[in-house]
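Listed here are the chains, written in short residue letters.
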Amino acid sequence: MTPLVRAAYEGRETIVKLLLRQADVNLNTKDGSGRTLLSVSGLRGHDSVVKLLLSRKDVEVNSKDEAGMTPLHFASCYGGQEVMRTLLAKVDIEVNPRTNSGNTPLSNAAFCGHLDVVKLLLARADIDVDSFDKHGEMLLSRAERKFAMEPSDNEIGEVVNRATVQVRSSNKDKD
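Residues numbered from 1 in each chain as written. Predicted model: local features only at pLDDT ≥ 70, side-chain atom pairs only at ≥ 80, totals over all residues. Heavy atoms only, no water.

The name given to the protein in an unreviewed UniProt entry is Ankyrin, with the source organism recorded as Lepraria finkii.

Next up, the structure:
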């Protein structure tokens, strides 16, 4: 792990700023798993580092790691609402990218139980709630089943259920 990747991972904004002053720095350098600085800082919920990286024109906001995960995927499951807001404010962010297994940031947030992130994503007009994994299963259906078995997370199960019902009823209207 390079000093810059470690500083981004640990949320050390001052060190990241210092290292970014180097002329030969590559913001899109990847770690052993193919994650960029933006991915690792988003993964850890370091919003100040994410903002710092996004202030640079040469950062690839939609870069994918070996599993096909983008910074938005990581933030949706691990980074929290502030990092998600910061990333979603970028005009060129892809809000519906798919991992190699077909997951989207919305399905990740739902499956990981992040109600605030699910609501944030569902509020967007460009979010795809009618997406399927590589096996043909509706992504939100998996989360719906998971939370049906976990009554402690009833609210997220209800939000996912409502979104799933809306998709199913709009699909019936199209038929």
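Let us keep going from here.
Novice: What am I meant to see in the state of the cysteines here?
Specialist: Joining two cysteines, a disulfide is a covalent bond between their sulfur atoms. Taken as a whole, this structure holds 1 disulfide when the rule is applied. In this model, Cys77 is linked to Cys112 through a disulfide, with the two sulfur atoms separated by 1.6 Å. Negative torsions about the S-S bond denote left-handed disulfides, and the value of about -55 degrees found for Cys77 with Cys112 makes this one left-handed. On the criterion of sequence distance, the pair formed by Cys77 in helix H5 (residues 71-79) and Cys112 in helix H7 (residues 105-112) is long-range, its members being 35 residues apart. Residue Cys77 is classed as buried on the basis of its relative accessible area of 10%. (Disulfide = S-S within 2.5 Å. Helix = DSSP H or I, 4+ residues; strand = E, 2+ residues; numbered from the N terminus. Buried < 20%, exposed > 50% of the residue type's maximum accessible area, 1.4 Å probe, protein only.)

Novice: I would appreciate a short explanation of the environment of Leu43 in the present structure.
Specialist: In this structure, Leu43 sits in helix H3 (residues 37-43). When sequence neighbours within four positions are dropped, the list of residues in contact with Leu43 reads Tyr9, Arg35, Phe74, Tyr78 and Gly79. (Contact = heavy atoms within 4.5 Å.)

Novice: What is the right way to look at H7 in this model?
Specialist: Along an α-helix, a turn takes 3.6 residues, which lines up residues three or four apart on a common side. Counting buried positions over the 8 residues of H7 gives 6, a clear majority of the element. Those residues of H7 lying buried are Pro105, Leu106, Ser107, Asn108, Ala109 and Ala110.

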